[in-house]
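Here is how the chains run, residue by residue.
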Amino acid sequence: MSTGDLLNVDPVELKFPFELKKQISCSIQLSNKTDNHVAFKVKTTNPKKYCVRPNTGIVLPKSSCEVTVTMQAQKEGPADMQCKDKFLLQTVKAPDGATPKDITAEMFNREAGNVVEECKLRVVYVFSPQHTPSPDGSEVTENGQANAAEFVMAARTFTDDVQDKSTEAKALMTKLTEEKNKAIQQNNKLRQELVSGTGRDIYRTAEARNKQKWWWSVIHACCLVRLDRISHGVHHEEIVNLYGTSWLVGIFFLYFPSFWISKLQ
């Protein structure tokens, strides 16, 4: 309540139970505590949003008057849930027997020497549990709050499941990576063993071929000498001179070529 020299104003805060898409009203009680007629005028910072009835009037001596302020239906709520709208109530003594029709704008002009009292009123939004606006201006009911709570719980459960599955996936990837590394190591080991074994086999094969070439060359030479001897009468001494220190081998193969050829085969 605001107490001035002329009127008592109750309340000084205009509380609106805010609801979207609905007109909301609140009342101001003006009480004249003097023996004079008192004229009043109500102004607002947002005239398109509010409707004041009456916005001007006369309060009789020792009597009261009610002013109704109606807020038009709003499509969305304020971003910060706060209202910055304000009202200004101006009061001034009026001549005896004055009526609302006698009120003029000049009566509230201080420059004309009139004593004008002013009372500032601010607007407050009141939200009931059944109708609570969300920050984006949408309306949330009790069921909506319950649904929101359920949604939050479901989201948390989903997040936990995702985290668990992510942990399991990481463990599986680690296990697969270890198995892959083991397989690569085993493969490299087998390759080394294969290369080593192949090298030994190649060496043995080359050595056998070398031996085979030496023996076959001796056999081939002996066969040729034998043929020359038979065909042209080559003497034993010539064969010995031909093979030098290997004359024993030459003689041996000269007389027994077919026997050694069958053995080597």
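This section reports on the structure supplied with the text. (Residues numbered from 1 in each chain as written. Predicted model: local features only at pLDDT ≥ 70, side-chain atom pairs only at ≥ 80, totals over all residues. Heavy atoms only, no water.)

Bringing the environment of Val 124 into the picture now. Note that Val 124 resides in strand 10 (residues 117-126). The contact partners of Val 124, leaving out residues within four places of it in the chain, are Glu 13, Leu 14, Lys 15 and Phe 16. (Helix = DSSP H or I, 4+ residues; strand = E, 2+ residues; numbered from the N terminus. Contact = heavy atoms within 4.5 Å.)

A separate point is the packing of aromatic side chains. Considering all chains together, one arrives at three aromatic pairs under this definition. Geometrically, the ring pair formed by Phe 18 and Tyr 125 is tilted, given 4.9 Å between the ring centres and 45° between the ring planes. Taken together, the residues Phe 18 in the loop between strand 3 (13-17) and strand 4 (24-32) and Tyr 125 in strand 10 connect sequence positions 107 residues apart. The residues Phe 18 and Tyr 125 share a single accessibility class, namely buried. With a centroid separation of 5.1 Å and an interplanar angle of 75°, the aromatic rings of Tyr 50 and Phe 87 are classed as edge-to-face. Linking Tyr 50 in strand 6 (residues 50-53) with Phe 87 in strand 9 (residues 86-94), this pair joins segments that are 37 residues apart in sequence. Here Tyr 50 matches Phe 87 in class, with each residue buried. One aromatic cluster is present, formed by Phe 16, Tyr 50 and Phe 87 through successive ring pairs. (Phe/Tyr/Trp six-rings, centres within 6.5 Å; stacked < 30°, edge-to-face > 60°. Buried < 20%, exposed > 50% of the residue type's maximum accessible area, 1.4 Å probe, protein only.)

For Ser 27, the position within the fold is in strand 4. The class for Ser 27 is partly exposed, based on a relative accessible area of 35%. In this structure, Ser 27 is in contact with Asp 10, Pro 11, Glu 66, Val 67 and Thr 68, ignoring residues within four places of it in sequence.

On to unusual backbone geometry, then. With an omega of 0°, the peptide bond running from Asp 10 to Pro 11 counts as cis. Structurally, Pro 11 is set in the loop between strand 2 (7-10) and strand 3. Despite not being glycine, Lys 21 shows a phi value in the positive range, around 55°. Following the sequence through the fold, Lys 21 ends up in the loop between strand 3 and strand 4.

Together, Leu 172, Met 173 and Leu 176 make up an exposed nonpolar region whose accessible area comes to about 300 Å². Among the structural elements, Met 173 can be located in helix 1 (residues 142-232). On the basis of relative accessible area, Met 173 is assigned to the exposed category, the value being 53%. (Patch = residues over 30% accessible without salt bridge, like charges linked within 9 Å, V, L, I, M, F, W, Y side chains within 5 Å. Areas by Shrake-Rupley, 256 points an atom, 1.4 Å probe, with all protein chains shown as cover. Salt bridge = Lys/Arg side-chain N within 4 Å of Asp/Glu carboxyl O.)

Moving on, we come to the pairing of strand 2. Bridging between strand 1 (residues 2-3) and strand 2 involves two bridges; their strand directions are antiparallel. Bridged to Thr 3 within strand 2 is Asn 8. (Pairing = 2+ DSSP bridges.)

Attention now goes to the nonpolar core. Judged by nonpolar contacts, the single largest core of 28 residues is most densely connected at Phe 16, Leu 30, Tyr 50, Val 69 and Phe 87. Among the secondary structure elements, those contributing two or more residues to this core are strand 2, strand 3, strand 4, strand 5 (37-44), strand 6, strand 8 (64-71), strand 9 and strand 10. Those residues in contact with Phe 87 that sit more than four places away from it in its chain are Leu 14, Val 42, Lys 43, Thr 44, Tyr 50, Val 52, Val 69, Cys 119, Lys 120, Leu 121 and Val 123. In terms of nonpolar packing, the next biggest core, distinct from the first, is built from eight residues, Val 92, Ala 94, Ala 98 and Phe 108 among them. (Core = buried A, V, L, I, M, F, W, Y, C linked by side-chain atoms within 4.5 Å.)

Consider a sheet: its strands pair through backbone hydrogen bonds, and that pairing is either parallel or antiparallel. The strand order across the open sheet formed by five strands is 3-10-9-5-7, and the pairing between neighbours is mixed. Each end of this open sheet is capped by a strand with a single partner; those strands are strand 3 and strand 7 (56-59). Pairwise comparison of adjacent strand axes, ignoring direction, gives a mean angle of 25° for this sheet. Here eight bridges tie strand 5 to strand 9, and the two strands are oriented antiparallel to one another. Pairing of His 37 across the sheet is with Ala 94, part of strand 9. (Axes fitted to C-alpha atoms, helices over the stretch in contact; angles between N-to-C directions.)

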